[in-house]
Amino acid sequence: MTVETTEIKPLSIDDIRASIESGTSRATAIAESYFEQIQSRDPQIHSYLSVNRERAFERAARIDDLAAKGEPLPVLAGVPVGIKDVLTIEGLQATAGSRILEGYRAPYTATSVQKLEAAGAITLGKLNCDEFAMGSSNENSAYGAVHNPHALDRVPGGSSGGSAAAVAGGMAVATLGTDTGGSIRQPASFCGVVGILPTYGRVSRYGLIAFASSLDRVGPFTANVKDAATVLGVIAGHDPMDATSSPLPVPDYTADLDKGVSGLRLGVPAEYFAEGLDAEVRAAIERSIDQLRAAGAIIKPISLPHTRYAVPTYYLIATAEASANLARFDGVRYGFRAKDANTLSAMYRKSRDLGFGAEVKRRIMLGTYALSAGYYDAYYKKAQQVRRLLTDDFLKAFAEVDAILTPTAPTPAFKLGEKSDDPLSMYLADIYTVTASLAGICGLSVPCGQSAEGLPIGLQVLGKHFDEAMILRVAQAVERLN
Ligand code: GLN
């Protein structure tokens, strides 16, 4: 199949605010045009699981009222956004891409969504994703796959595939996704958009349906770096409802964006350029690194020696935590309940059997095994020790460099169906992203080129804990130079 050539020129957050402020457009008209885009484009892409026109127009009308009265507009006034369906919004469905949550309506709103909306954003709807955010291709959604807007026969990446595809397809200006082992960065790379993994603790997880609580993070997707910085600034910050959220103040992430990279020390880890890296991805990343060097950055070769243990470590810890988190879906409290079960235990068993998909079941079994008596020390405890070593690798590296540059994913977007029967090859696609997840540091993916076929390629920029301003500054330079 040929790659679609339609150029999508999305509006930026600043464009939208300025046009509403000056009266050249209205929030309701902007929302309408995005709903039209969803109606015409999403039948092929399938990024939205639900849209909420009434709710959106009611909120957009409030922004138009403010503008008509000449009152100051909040920073995301009238900005159309979409929310990954693992984040809750009071009264709306939250499926987490799973059949087991069919019909469930959330009783409260996630803090990140509440902050976006308080800043004037207009939520258009909920976005498709891999079931319980488990996957790298969005093919694990119980509600159907998402297609990559750049090539409809390719995956958008996962698990936040709908969030990436909606921005790439011009069906939202910004979206929220979640990243446990790469689920923001990898789909951002596959869809040619910007996606940020904030430091663990930077953005509240309250209202996020948990996959692996020590790894789960909420972050934005946007078409450009400045918008990503703006949205991150809105959703970041302490939340008394999330005990792991940090009390550190939130800086203005747009303040240093244009400072450039001159004099910055940027590390390039040898372990991320080894076997398995696609030649075109390598070429695009190396070209980007050369451009940064030419712009005055000091490029330093570094080593992150425990990298090769990251994928098995991640899949032990993530599945162990998932097996505990998913115990709550029992057919009683939420969503789907199997019919024709005569006893309580038969009802549990049947509801979970019919409600969960194959990948989720595989992970619950793996995780339960890793946590069981006799295996706990050999697997789970060992994985926690390796997690420490991986974190130390980064802390040592950051003593010498300001940020680290790597490919986001080893290949551009692969074909739908290509890896869906091969869980191991799917897990290996997470090789460059799971390390930052385990270490709790921040990272992002920024578009840095294309394959010969026109498929987007993303550069991953990793930063110290709570140094989002630095990685955004580097990403801005990459965006400018590209
Ligand atoms: N692809 C990884 C997994 O399947 C990461 C998913 C995520 O970050 N939510 O677990």
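The coordinates are above.
Residues numbered from 1 in each chain as written. Predicted model: local features only at pLDDT ≥ 70, side-chain atom pairs only at ≥ 80, totals over all residues. Heavy atoms only, no water.

On to the overall build of the protein, then. A tally of regular secondary structure across the protein gives 15 helices and eleven strands. Against the 2.2 N^0.38 benchmark of 23 Å for 482 residues, the protein shows a C-alpha radius of gyration of 21 Å, consistent with a compact globule. Principal-axis analysis of the C-alpha atoms places the extent of the protein at approximately 65 × 55 × 50 Å. Across the protein, the fraction of contacts at a sequence separation of at least 24, relative to all contacts at a separation of at least 6, is 76%. Split by element, the accessible area of the protein, about 18100 Å² in all, is 53% carbon and sulfur. (Helix = DSSP H or I, 4+ residues; strand = E, 2+ residues; numbered from the N terminus. Rg over C-alpha atoms; globule rule 2.2 N^0.38 Å. Contact = heavy atoms within 4.5 Å. Areas by Shrake-Rupley, 256 points an atom, 1.4 Å probe, with all protein chains shown as cover.)

This part takes up the site of the ligand. Inspection of the region around the ligand gives 15 residues, with A133, G181, S183, Y314 and R363 positioned closest. Here an oxygen atom of the ligand sits 2.9 Å away from a polar atom, N or O, in the main chain of G135. A distance of 2.6 Å separates an oxygen atom of the ligand from a polar backbone atom of G181. Alone, the ligand offers 290 Å² of accessible surface; in the complex the protein occludes 100% of this. (Near = heavy atom within 4 Å. Polar contact = N/O pair within 3.5 Å; in protein donor to acceptor, adjacent residues only side chain to side chain.)

Here we have eleven strands laid out as an open sheet, ordered β1-β3-β2-β4-β6-β5-β10-β11-β9-β7-β8, and mixed in their pairing. The open sheet has two edge strands with one neighbour each: β1 (48-51) and β8 (298-302). Between one strand axis and the next, the sheet turns by 30° as a mean value, whatever way the strands run. For strand β9 (residues 403-407) and strand β11 (residues 456-463), the ladder comprises four bridges, and the chain directions are antiparallel. Its bridge partner lying in β11, P407 is registered against L459. Along the sheet, helix α3 (residues 53-68) contacts β1 and β3 (122-127); its crossing angle with β3, the most-contacted strand, is approximately 155°. Packing of helix α7 (residues 225-235) onto the sheet brings it into contact with β4 (174-179), β5 (194-197), β6 (217-222) and β10 (442-450), and relative to β6 it is tilted by some 145°. (Pairing = 2+ DSSP bridges. Axes fitted to C-alpha atoms, helices over the stretch in contact; angles between N-to-C directions.)

Before going further, it helps to spend a moment on a nonpolar patch on the surface. Nonpolar side chains collect at one region of the surface, where V332, L344 and Y348 lie side by side and expose about 260 Å² of accessible area between them. Mapping V332 onto the fold places it in the loop between α9 (310-325) and α10 (344-355). On the basis of relative accessibility, which here comes to 41%, the residue V332 falls in the partly exposed class. (Patch = residues over 30% accessible without salt bridge, like charges linked within 9 Å, V, L, I, M, F, W, Y side chains within 5 Å. Salt bridge = Lys/Arg side-chain N within 4 Å of Asp/Glu carboxyl O. Buried < 20%, exposed > 50% of the residue type's maximum accessible area, 1.4 Å probe, protein only.)

What follows is about the packing of aromatic side chains. Per the stated rule, a full pass over the model turns up 15 aromatic pairs. Considering the side-chain rings of Y104 and Y334, the 5.4 Å spacing of their centres and the 75° angle between planes classify their relative orientation as edge-to-face. Residue Y104 is found in the loop between β2 (80-84) and α4 (111-118), and its partner Y334 is found in the loop between α9 and α10; the two are separated by 230 residues along the sequence. On the basis of relative accessibility, which here comes to 15%, the residue Y104 falls in the buried class. Look at F394 and F398: their rings are 6.3 Å apart centre to centre, the planes differ by 20°, and that puts the pair in the stacked class. Taken together, the residues F394 and F398, both in helix α12 (residues 377-398) and four residues apart, mark about one turn of the helix. F398 shares its class with F394; the two are buried. Taken together, the ring pairs connect Y104, F132, F329, Y334 and F356 into an aromatic cluster. (Phe/Tyr/Trp six-rings, centres within 6.5 Å; stacked < 30°, edge-to-face > 60°.)

Applying the stated rule across the entire model yields 21 salt bridges. With a shortest N-O distance of 2.7 Å, E359 and R363 are connected by a salt bridge. Taken together, the residues E359 and R363, both in helix α11 (residues 358-371) and four residues apart, mark about one turn of the helix. Residue class for R363 comes out buried when judged on its relative accessible area of 2%. In this structure, a network of salt bridges that share partners links the residues R55, R59 and E117.

Packing of α9 against α11 brings their axes to within 7 Å, and their N-to-C directions diverge by 100°. Taken together, the axes of α9 and α11 lie roughly perpendicular to each other. Between α9 and α11, the contacting residues are Y315, L316, T319, A320 and S323 on the first element and R363, I364, L366, G367, T368, A370 and L371 on the second. Grouping the constituent residues of the contact of α9 with α11 by class yields seven nonpolar, four polar and one charged. (Parallel < 35°, antiparallel > 145°, perpendicular 65-115°, else oblique. Nonpolar A, V, L, I, M, F, W, Y, C, P; charged D, E, K, R; others polar.)

Right, let's talk about the nonpolar core for a bit. Ranked by internal contacts, the top residues of the largest apolar core, which has 140 residues, are L116, F132 and V474. The biggest single contributor to this core is α9, with eight residues. Counting residues in each nonpolar core, the second largest holds six residues, with V155, F190, A409 and F414 among its members. (Core = buried A, V, L, I, M, F, W, Y, C linked by side-chain atoms within 4.5 Å.)

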